[in-house]
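# Breakdown of the fold
Each chain is listed here by its residues.
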Amino acid sequence: MSLDEHSALIEQLKPLLMEPDFHELFDSLTTDESNSTRFLLKMELNRISSLCTRIIDLRDKSELPCEELIHGKQQHFLDDPAKESFLESVALYRDQYTLGVYENVIEAHKLRKLKLRGGKNQDDLPFAPYLAQGVVLGSYFNRSEERMNYSIRISVLQPNRTEIQGITVDLSVGGARIRLPLKHHFELDKPIRVKLLELGEEYYYEDLQQGVDYEIVDTQTSNEYCWLRLKRVGGSDALSEMLSNLIRGYKFRYKVDINDVLVAATGLGFERHYLPHLPHLPLYLESIEDTYQITHKLLSRDNQQLQYYFQDEHDISQLSGMLSDSRLKTLFNEPENKDHQLFFCFTFHTQGHIYFYSATLAELKQQDLLALFFSFGASKPSWKVFKLAHHEIDHAKSYKASMLPGDDVNYSALTEAQLKRFTHVLQLMDLTTAESQQDYLSWGNICKSKANELKVFGQQKVKSNPIKLLSLQFSERRNEARYSFKTQVKLSQGKLSITGSTHDISSKGLQLTLDEATQFDKTAPIHLGFPKLQQISGKVQLSHLPYRLIKTRKKGGTVHLAAVMGHTPHIGVEFINKLIIHNRDKLEKITEANSEKKELADGLKNLLMRHLDSVPYFVEKTQKSAKISMIGVGTHKNVITDIFAASTSQSLEYNLESLLKDGRLKRDFIDPIRALKPQDGLEYFETYLQVSRQSQGKVRVKCISPDEIGDLNARQHFIRQSNNLGRFMALRIYRGATGKPDLNYIRREMEYIGIHAHHKCKKLEELMWRIIGVGELLDITEEVLLRYPQLHQTEPGLTADAG
């Protein structure tokens, strides 16, 4: 295994390295990897997170002026680009100077110098527009609690060991990171007891006096110190409440780590550009009485024609006739056999009835009816070629894509129960083209069978259509479930004070009926108190809670409010969320039109995005023109991204030069996209790739369109030559124009980021507005090879991996 193949996963794990629960996060994010891969990943992560003692001095290596930068006890001399690289990298490792920071700074400096050789400015280099960055899609880690950087004196002990003094580096309700002397002599596989000395002097809790038990989940060392990441395994509820209050009380003294939220918001923002143009049809399977059945379809704006193809004369979908239980079981039993993933179809019309015929490539080879089915089927106007991608659902992961600290981690019970029933997600992809249909007709030259032999591939008629249709939701706020609930409320804004009562509640929002119609200032917070709920809330203070006005109705008599999420968890949100969770069976749920469907559609979308078969890309407007700036990647291996990553030196960086050079960026992408409107849907074109291995592990990629190669013989020669040199690949490249960004979908994440790092929020919003185009790269190699019958006559074993 090469670690290069897992660069996206390593980049996603980096920000989590210094967390107390890193091992749980690591296990969760690497469930699909082998033990040897997990071992190598952990070794690499341990290596880059180990503390570094090497000084970086660029004074004799840079053409730019260098300034002193002091970090800890170390003194570095860096130019401005290196300083920016240093600060960005060190933030990933909780302000620790690690080997990963050192390597990032040195590598970035070397790359900048390399690009500047020959006196050219980096932005003017020919290949600069061809570099794209990876953005992780569909795999977002969600943290349930905020963590503060807070240093206090501690003492640590273990049975039969000397008590050691140290300090905390950060602290949360459920964990901590502490620093001890290097020679502490503790057994790392056994719990330790930590006394929070300064808190023990200020607060009296039995836990604080006796110490709190923690489990050691990771350790790192330097020449002088040892850092331990801890997970709390002891302590009372009272201690949890005290720590929670402490974090709230010190909100101006610590910095909240927003990296998880920023990664999720960025991925979700790019998702909203891609999903309206999703060209494939997602299907969701359940196993009912040991039989696989498609029960749901997910519709986008651009994929609805796919489902219409399967409607018969009674408007009943025959899709489940093609994707039968036996075919699906064969597919799942041999997931690496791509012959089970290609489907060929046509329909026959007679006396007002429509009959459907379908076969997989594996079935046609087994029956020796490849030439007959292709030549006969391709003569019909209804001829279709489909690719079926699939992945099994991991139910250990949360179905929700993004959660802020304090959020309910689940959808409604009904939605969660439905999502748990699904076993697999399928994507049905239409690969049919008018040009290739003519190519399939040429199989008739070697066909010796008769048409009546195709009866075996006639689909049995489906009498009813049990598949439910759900549509992807766009340009809408993500509404929580609302519950009917009435209680007294006191509202104040400046000198204005009024009373009212709730009409309905959700954890983060309220609808109130006011005793008197009132006009509030929409730009200022409204502070709420709940006098009746205060009587049952114990020590939780339900007064002066900040909310903001969303809208008013009935001339100011009814108001809709949303909680203002600040540096600390919102007390009102936490209390109402607990109130709803503990009383769900007693509260009447107010269902909006299709609210359950909208929630289920969001969950289905998240399951789909976990494992895309294609590679989305995004076109960003620049000062002079535009460029492909972002490539959507997942945590799973993808042959397309692996090829374009092979010639880059940075993780999550992709060199698209072979695809875009010689004016093809402008000709094939920018100009066509600018001529399109967002409602036009996607166009596509195809390109052939010759991928060959060079010395020292380098990869050479030649991209050329079939028309540029020449006639049929020239294309067949190109395919043979490619397989002799390395491998042949074919890509279908979709392209389309985007509309305005759907920032409403990530509004809550943006507000949270804006509170803690306004510049990052603004930067993300500006990036979303600069995206003008979207598309995807889809591997169609196996299907393209079938368009050339002569290749299969002379080389019957030819596959995409022949090299």
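Residues numbered from 1 in each chain as written. Predicted model: local features only at pLDDT ≥ 70, side-chain atom pairs only at ≥ 80, totals over all residues. Heavy atoms only, no water.

## Let's talk about the overall build of the protein
Regarding its fold elements, the protein presents 28 helices and 31 strands. The buried share of the protein, reckoned over its 803 residues, is 54%. Taking contacts inside the protein between residues at least 6 apart in sequence as the whole, the part at least 24 apart equals 70%. For the protein, the computed accessible surface area is about 37500 Å², with 49% contributed by carbon and sulfur atoms. (Helix = DSSP H or I, 4+ residues; strand = E, 2+ residues; numbered from the N terminus. Buried < 20%, exposed > 50% of the residue type's maximum accessible area, 1.4 Å probe, protein only. Contact = heavy atoms within 4.5 Å. Areas by Shrake-Rupley, 256 points an atom, 1.4 Å probe, with all protein chains shown as cover.)

## Quick word on the pairing of strand β15 (residues 422-430)
Counted residue by residue, β15 has nine buried out of nine residues, so it is predominantly covered. Relative to β15, strand β10 (residues 281-288) runs antiparallel, the two sharing six bridges. Residue pairing in the sheet places L281 in a bridge with L428 of β15. (Pairing = 2+ DSSP bridges.)

## What to know about the sheet that holds strand β11 (residues 291-299)
What the seven strands build is an open sheet, ordered β13-β12-β14-β15-β10-β11-β16; its pairing is mixed. Each having just a single partner strand, β13 (353-360) and β16 (468-471) make up the two edges of the open sheet. Here the average twist between neighbouring strands, direction ignored, is 30°. As defined by bridge partners, strand β12 (residues 342-350) adjoins β13 across eight bridges and the pair is classed as antiparallel. Paired with T350 across the two strands is H353, which belongs to β13. With respect to the sheet, helix α12 (residues 325-333) is in contact with β10, β11, β12, β13, β14 (384-392) and β15, its orientation differing from that of β11 by roughly 90°. (Axes fitted to C-alpha atoms, helices over the stretch in contact; angles between N-to-C directions.)

## Let's talk about the environment of Y440
Along the chain, Y440 turns up in helix α16 (residues 434-441). A relative accessible area of 0% means that Y440 is categorised as buried. Residues Y440 and G377, 63 residues apart in the sequence, show an inter-C-alpha distance of 8.6 Å. Once residues lying within four places of it in the same chain are set aside, the contact partners of Y440 are F344, F374, S375, A378, W383, V385, E783, L786 and R787.

## Describing the packing of aromatic side chains
The final tally for this structure, using the stated rule, is 26 aromatic pairs. Ring centres of Y292 and F332 lie 5.1 Å apart, and the angle between their planes is 85°; this geometry places the pair in the edge-to-face category. Placement of the pair is Y292 in strand β11 and F332 in helix α12, with a sequence separation of 40 residues. Note on F332: relative accessible area 15%, which makes it buried. Positioned above the aromatic ring of Y225, the side-chain terminus of R179 is 3.8 Å from the ring centre. Its end group placed over the ring of Y355, K461 keeps NZ or CZ at 5.9 Å from the ring centre. (Phe/Tyr/Trp six-rings, centres within 6.5 Å; stacked < 30°, edge-to-face > 60°. Lys NZ or Arg CZ within 6 Å of the ring centre and 35° of its normal.)

## Considering the pattern of salt bridges
The full count for this structure, using the stated rule, is 33 salt bridges. For E63, the salt bridge is made with K113, and the minimal N-O distance between the two is 3.3 Å. In this pair, E63 is assigned in the loop between α3 (35-49) and β1 (67-71) and K113 in helix α5 (residues 99-116), connecting sequence segments 50 residues apart. With relative accessibility at 45%, the residue E63 sits in the partly exposed group. With a shortest N-O distance of 3.4 Å, K190 and E187 are connected by a salt bridge. We classify K190 as partly exposed; its relative accessible area is 42%. Judged by relative accessible area, which is 28%, E187 ranks as partly exposed. (Salt bridge = Lys/Arg side-chain N within 4 Å of Asp/Glu carboxyl O.)

## Focus: the sheet that holds strand β30 (residues 726-737)
What the eight strands build is an open sheet, ordered β27-β3-β26-β25-β31-β30-β28-β29; its pairing is mixed. Each edge of the sheet is formed by a strand with only one pairing partner; in this case those strands are β27 (653-655) and β29 (699-704). Strand-to-strand, the axes of this sheet are offset by a mean angle of 30°, without reference to chain direction. Its contacts with the sheet place helix α24 (residues 712-725) against β28 (683-693), β29 and β30, and it is angled at close to 115° to β30. Contacting β25 (615-621), β26 (626-633) and β31 (771-779), helix α26 (residues 758-770) runs over the sheet at an angle of about 75° to β31.

## Things to note about the nonpolar core
Residues F270, Y274, Y284, L419, L604, L607 and F618 are the most contacted members of the largest nonpolar core, which totals 45 residues. If you list the elements that add at least two residues to this core, you get α9 (259-274), β15, α19 (595-609), α25 (747-756), α26 and β31. Those residues within four positions of L604 in sequence are excluded, and the remaining contacts are Y284, H296, L298, L419, F422 and L470. If you look at the next biggest cluster of nonpolar residues, it comprises 38 residues, including F346, F374, I719 and Y788. (Core = buried A, V, L, I, M, F, W, Y, C linked by side-chain atoms within 4.5 Å.)

## Let's talk about the side chain of S89
Topologically, S89 is positioned in helix α4 (residues 80-92). Overall, the relative accessible area of 6% leaves S89 in the buried class. A polar contact is formed between the side chain of S89 and the backbone oxygen of S85, at a distance of 2.8 Å. (Polar contact = N/O pair within 3.5 Å; in protein donor to acceptor, adjacent residues only side chain to side chain.)

## Some points on α25
Looking at α25, one finds that the buried residues are E749, M750, Y752, I753 and H756. Along α25, the residues classed as buried sweep out an arc of 165° about the axis, all on the same side. (Arc of directions from axis to C-beta.)

## Remarks on the environment of P279
Within the fold, P279 resides in the loop between α9 and β10. With relative accessibility at 14%, the residue P279 sits in the buried group. Along the chain, P279 and E776 lie 497 residues apart, while their C-alpha atoms are 9.5 Å from each other. Setting aside residues no more than four positions away along its own chain, P279 makes contact with D302, N303, L306, L682, Y734 and E776.

## Thoughts on unusual backbone geometry
The backbone of E289 shows a phi angle near 55°, a positive value even though the residue is not glycine. Within the secondary structure, E289 sits in the loop between β10 and β11. Of note in this structure, D368 is not a glycine but carries a positive phi near 55°. The residue D368 is located in the loop between α13 (361-367) and α14 (370-377) in this model.

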